[in-house]
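Architecture at a glance
Okay, here's what each chain looks like letter by letter:
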Amino acid sequence: GKTRDAKYLPIIMMMHNCEYVATASTSFMDDYYEKLDKAYEASKKGMAYLHVFSPCPTGWRFPPEKLIEVGRKAVESNIVPLWEYTNATKKLEFTHPVDDPVSIKEYLFLIGKYKHLDESQLEFIEQNRDRRIEMLKNISNS
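Residues numbered from 1 in each chain as written. Predicted model: local features only at pLDDT ≥ 70, side-chain atom pairs only at ≥ 80, totals over all residues. Heavy atoms only, no water.

**With respect to the sheet that holds strand β2 (residues 48–53)**
Definition in use: Pairing between strands is defined by DSSP: at least two bridges between the two strands are required. Helix and strand definitions here come from DSSP, where helices need a minimum of 4 consecutive H or I residues and strands a minimum of 2 consecutive E residues; each element is numbered from the N-terminal end. Axes here mean lines fitted to C-alpha atoms, for a helix over just the part in contact, with angles spanning 0 to 180 degrees between N-to-C directions. Residues are treated as being in contact if the distance between any of their heavy atoms lies within 4.5 Å.
Pairing is mixed across the open sheet formed by 4 strands, whose spatial order is β2-β1-β3-β4. Among the strands making up the open sheet, the edge pair consists of β2 and β4 (91–94). In this sheet, neighbouring strand axes are inclined to one another by 15° on average, regardless of whether the strands run parallel or antiparallel. Across the face of the sheet, helix α6 (residues 119–141) comes into contact with β3 (83–86) and β4 while running at roughly 125° to β4.

Dropping the structure here:
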């Protein structure tokens, strides 16, 4: 398998002075539509980047009727934090803050492709999640 973590592209785009950067989920459509509108307006001044999370039932091996639940658990577990950044204000703001996240297991074990993970792998994922959330919180407070 892959031995390195993926780069977190939304932060990279933020550091490249995009007018607007946001993360969204198809399981939170009101938030997604608001961000689409903001991205469109920002694109009139410069580049806008919207990072959209949408689970894949076929590839991830879970029943299609659990699509919304899987997407919501990703956000509720802080695996997929929802936030936005505007270059004009230089502020990152959480749009769906989760201060008491559901367990990593509760999210990952909904998905067939993750059922093989052992405790050490789950702990590694949890630590990465915690580091990312801490980094985002530090940026949002600066």
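**A word on unusual backbone geometry**
Comment: phi is negative for the bulk of residues other than glycine, and the bulk of peptide bonds are trans. Heads up, the rule is: A simple rule labels every residue: compare its accessible area, found with a 1.4 Å probe on the protein chains alone, to the largest value its type can have, and call it buried under 20%, exposed over 50%, or partly exposed in between.
Unusually for a residue other than glycine, Asn 17 sits at a positive phi of about 60°. Structurally, Asn 17 can be placed in the loop between α1 (9–15) and β1 (20–25). Overall, Asn 17 belongs to the exposed group, its relative accessible area being 52%. Here Lys 90, not a glycine, exhibits a phi torsion of approximately 60°, which is positive. By the element assignment, Lys 90 lies in the loop between β3 and β4.

**Quick look at the side chain of Ser 25**
Here Ser 25 is to be found in strand β1. Overall, Ser 25 belongs to the buried group, its relative accessible area being 0%. Non-local contacts of Ser 25, meaning those with residues more than four positions away in its chain, are made with Tyr 32, Phe 53, Gly 71, Val 75 and Leu 82.

**Notes on the pairing of β3**
Pairing of β1 with β3 involves 3 bridges; the strand directions are antiparallel. Its bridge partner lying in β3, Val 21 is registered against Tyr 85. Where β3 lies against β4, 4 bridges are found, and the strand directions are antiparallel. Paired with Trp 83 across the two strands is Phe 94, which belongs to β4. In sequence, β3 turns back onto β4 through a hairpin of 4 residues, with Lys 90 there showing a positive phi of about 60°.

**A closer look at the pattern of salt bridges**
We count it as follows: Counted as salt bridges are all cases of a side-chain nitrogen of Lys or Arg within 4 Å of a carboxyl oxygen of Asp or Glu.
Under the criterion given, the structure shown has 9 salt bridges. For Lys 73, the salt bridge is made with Glu 76, and the minimal N-O distance between the two is 3.9 Å. Placement of the pair is Lys 73 and Glu 76 together in helix α4 (residues 67–76), with a separation of 3 residues, close to one helical turn. Linking Asp 130 and Arg 129 is a salt bridge whose minimum nitrogen-to-oxygen distance equals 2.8 Å. Residue class for Asp 130 comes out partly exposed when judged on its relative accessible area of 39%. Because the salt bridges share partners, they merge into one network encompassing Lys 73, Glu 76 and Glu 106.

**Structural notes on a nonpolar patch on the surface**
The condition that has to hold: Residues form patches when they are more than 30% accessible in relative terms and have no salt bridge. Like charges link within 9 Å. Nonpolar side chains (Val, Leu, Ile, Met, Phe, Trp, Tyr) link within 5 Å. Shrake-Rupley sampling with a 1.4 Å probe provides the accessible areas, and residues are treated as covered by the protein chains on show and by no other component.
Side chains of Met 29, Tyr 33 and Leu 36 sit close together on the surface and give an oily, nonpolar patch of about 270 Å² of accessible area. Within the element layout of this structure, Leu 36 appears in helix α2 (residues 29–42). Residue Leu 36 is classed as partly exposed on the basis of its relative accessible area, which comes to 35%.

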